[in-house]
Amino acid sequence: MVMRIPRVVVAAPATGHGKTSVATGLMAALRARGLVVSGHKIGPDFIDPGYHALATGLPPRNLDPILQGEHRVAPLLAHGARSADMAVIEGVMGLFDGAPGTRGAASTAHVATLVSAPVLLVVDAWTASRSIAATTLGFARYDPAVRIAGVILNRVSSRGHEEEIREALDRTGVPVLGVLPYDESLRAPDRHLGLVPAGERGADGPALVSSLAAWVESGVDLDAVVRVARSAPPLPAEPWEPEPPRREHAGTDWRASKRAGKRAGRQAGRHCVAAASGAAFTFRYTETVELLAAEGIDVVDFDPLRDETLPEGCSGLYLGGGFPEAHATELSANTPLRDAIADAVARGMPVVAECAGLLYLCRDLDGMPMTGVLDAAGRMSGGGALGYREATSPRDSLLAARGLSVSGHEFHRTVVEPRHGPNPAWEWDGRAEGFASASLHASYLHVHWAGHPAVARRFASAVHGWAARDPE
């Protein structure tokens, strides 16, 4: 299938040039003009996509050749943008910076070539003028497969500063599509892993996005950006689809369950997974929910900071990413929910916990009591971990059959002691990590389930099976 998807990548020479602000503001400004905009983030990051979701009103998406598989990147873009007028793709780090030792794998440039998208280069002009032309020219010529379609100048201090840069850029042939002044009020607060997630900021998040939209609208030629996006060639990719639901779950015929469900007035043959959300648990990949939905699983949110009980009728738990270390006091104070989760685990309810979820299942976090499911303690650390991991399941568990290999990502500034239990969740680089059993899987590793759909099917099967036999 060939799809016409207007698309553009927002990149920068390095981290810190303002590409997240520009990309988010661009999404919101185009939406304000009446366009349906699909937002995408290159790499595993889950903070920036939260702001994209506020800007577009659509679910956030990631594009990552390592986590998802190179062959899935274009189909995932086509899937996320199929109903949109335009896709805006925010890059990661500098344009050509990828995973260390891979010659640029998973870089912004790598993904831009996989989806044949033109690139807008955001350049911080605060401490330079004519040198920006040399920087832009070098990026434009470094890789002929990457098309730099325009430059957006950020933090320009004056009209004279702008004119000096424009005159120098005229010699490069790369057009200036935007000039943006520095505005201290647009600075988003940050923390040990980057920006404070949009989900933690309440009304401040939407207010910031609105301000970014006005900032971009005032300084960027949006019509020219749309023309650049429409210059992208047709995308030869079949849209990714979640795995179709299997016809049997724990020995129950799907069609028979569907008929019985209709008679009972409920969604036929479906079961519920309760997913942690709110300020302490701000992240899960959108495709995780879509894969579970395709397997007959409805995901229902609950907030561990406020809700004292799990959603009624849930048959599984998904505790994803976030910052429980920033909310440890409030999480600890919610004793009824901590007890309810401990009871659910003790009864064998299937539970997946990634990173933040791992910390929540510990005995304590920075000395504050958590659920106590795991005989382990979590604490903030000056080190932590960051990077891709090629992991293998050492034995059969809730999520993985023995020997299954996955590509995952770690990003945390905490440690859990001990690092693993008697039955580790994963092994990589000769070391064991995490805690696993037939009904529980807790690890620091984030795995994008679109890249490993067997993980979703295995978890869904356990949820259906537990629902069929649990007396409650």
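These figures come from a predicted structure and were not determined experimentally. (Residues numbered from 1 in each chain as written. Predicted model: local features only at pLDDT ≥ 70, side-chain atom pairs only at ≥ 80, totals over all residues. Heavy atoms only, no water.)

> I tried to follow the overall build of the chain on my own but got confused; where do I start?
What the chain contains, in helices and strands, is 15 helices and 24 strands. A compact globule built from 472 residues should have a C-alpha radius of gyration of about 23 Å, and the chain, at 23 Å, falls within 12% of that. Seen through its C-alpha atoms, the chain measures out along the principal axes to roughly 75 × 50 × 45 Å. In the chain, buried positions account for 58% of the 472 residues. Partitioning the contacts of the chain with sequence separation of at least 6, the portion at a separation of at least 24 is 74%. The average position of the 46 basic charges and that of the 53 acidic charges among the side chains of the chain differ by 6 Å. (Helix = DSSP H or I, 4+ residues; strand = E, 2+ residues; numbered from the N terminus. Rg over C-alpha atoms; globule rule 2.2 N^0.38 Å. Buried < 20%, exposed > 50% of the residue type's maximum accessible area, 1.4 Å probe, protein only. Contact = heavy atoms within 4.5 Å. Lys, Arg positive; Asp, Glu negative; His and termini not counted. Charge placed at Lys NZ, Arg CZ, Asp CG, Glu CD.)

> Explain the sheet that holds strand β3 (residues 61-63) to me, please; I cannot follow it from the model alone.
Backbone-to-backbone hydrogen bonds pair the strands of a sheet. The strands run either parallel or antiparallel. Read from one edge to the other, the open sheet built from 7 strands follows the order β3-β2-β4-β1-β5-β6-β7, with strand pairing classed as parallel. At either end of the open sheet lies a strand with only one pairing partner, and these are β3 and β7 (176-181). Across the sheet, the axes of successive neighbouring strands diverge by a mean angle of 25°, strand direction being ignored. Here strand β2 (residues 37-42) pairs with β3 via 3 bridges, running parallel. Paired with H40 across the two strands is R61, which belongs to β3. (Pairing = 2+ DSSP bridges. Axes fitted to C-alpha atoms, helices over the stretch in contact; angles between N-to-C directions.)

> Just checking my understanding: could you explain the packing of aromatic side chains for this structure?
The geometry of an aromatic ring pair comes down to the distance between the two centres and the angle between the two planes. Counted according to the given criterion, the structure contains 9 aromatic pairs. Here F46 and F283 contribute two aromatic rings whose centre-to-centre distance is 4.4 Å and whose plane-to-plane angle is 20°, an arrangement assigned as stacked. One end of the pair, F46, is in the loop between β2 and α2 (47-56); the other, F283, is in the loop between β12 (271-276) and α11 (286-294), and 237 residues separate them in sequence. Geometrically, the ring pair formed by F283 and Y285 is edge-to-face, given 4.7 Å between the ring centres and 90° between the ring planes. Residues F283 and Y285 agree in their burial class; the two are buried. (Phe/Tyr/Trp six-rings, centres within 6.5 Å; stacked < 30°, edge-to-face > 60°.)

> I'm lost on the sheet that holds strand β13 (residues 297-302) in this one. Help?
Strand order in the open sheet made by the 6 strands is β13-β12-β14-β15-β23-β22, with mixed pairing throughout. Every interior strand has two partners, whereas the edge strands, β13 and β22 (435-436), have only one. Across 6 bridges, β12 lies against β13 in parallel orientation. By the bridge assignment, C272 is partnered in β13 with D298.

> Just to check I follow, could you spell out unusual backbone geometry for this structure?
In most cases, non-glycine residues show a negative phi, while peptide bonds are predominantly trans. P418 follows E417 through a cis peptide bond whose omega is 0°. Here M93, not a glycine, exhibits a phi torsion of approximately 50°, which is positive. As for its position among the elements, M93 is in the loop between β4 (86-90) and α5 (108-114).

> Is there a simple way to explain the pattern of salt bridges in this structure?
Two side chains with opposite charge may pair up if their charged atoms get near one another. Under the criterion given, the structure shown has 20 salt bridges. Here D303 makes a salt bridge to R306, at a shortest N to O gap of 2.9 Å. By relative accessible area, which is 63% here, R306 ends up exposed. One network of salt bridges, with partners in common, ties together R33, E217 and D223. (Salt bridge = Lys/Arg side-chain N within 4 Å of Asp/Glu carboxyl O.)

> Before we go on, may I ask you to explain the packing of helix α1 (residues 19-32) against α2 in this structure?
The axes of two packed helices give the description: the angle between them and the distance between them. Direction vectors running N to C along α1 and α2 enclose 20°, while the axes themselves pass 8 Å from each other. Relative to α2, the element α1 lies roughly parallel. Pair α1 / α2 crosses with right-handed handedness. Across the interface between the two elements, T20, T24, M27, A28 and R31 of α1 pack against D48, Y51, H52, L54, A55 and T56 of α2. The residue makeup of the contact of α1 with α2, split by class, is 5 nonpolar, 4 polar and 2 charged. (Parallel < 35°, antiparallel > 145°, perpendicular 65-115°, else oblique. Left-handed = near helix turned anticlockwise from the far one by under 90°. Nonpolar A, V, L, I, M, F, W, Y, C, P; charged D, E, K, R; others polar.)

> Got a minute to help me understand the pairing of strand β5 (residues 119-124) in this structure?
Looking along a regular strand, one sees side chains alternate from face to face of the sheet. Here β5 lies mainly inside the structure; 6 of its 6 residues are buried. Here strand β1 (residues 7-11) runs beside β5; their pairing, made up of 3 bridges, is parallel. Bridged to V9 within β5 is V119. Relative to strand β6 (residues 148-156), β5 is paired through 6 bridges, and the arrangement is parallel. The partner of V123 across the bridge, within β6, is L153.

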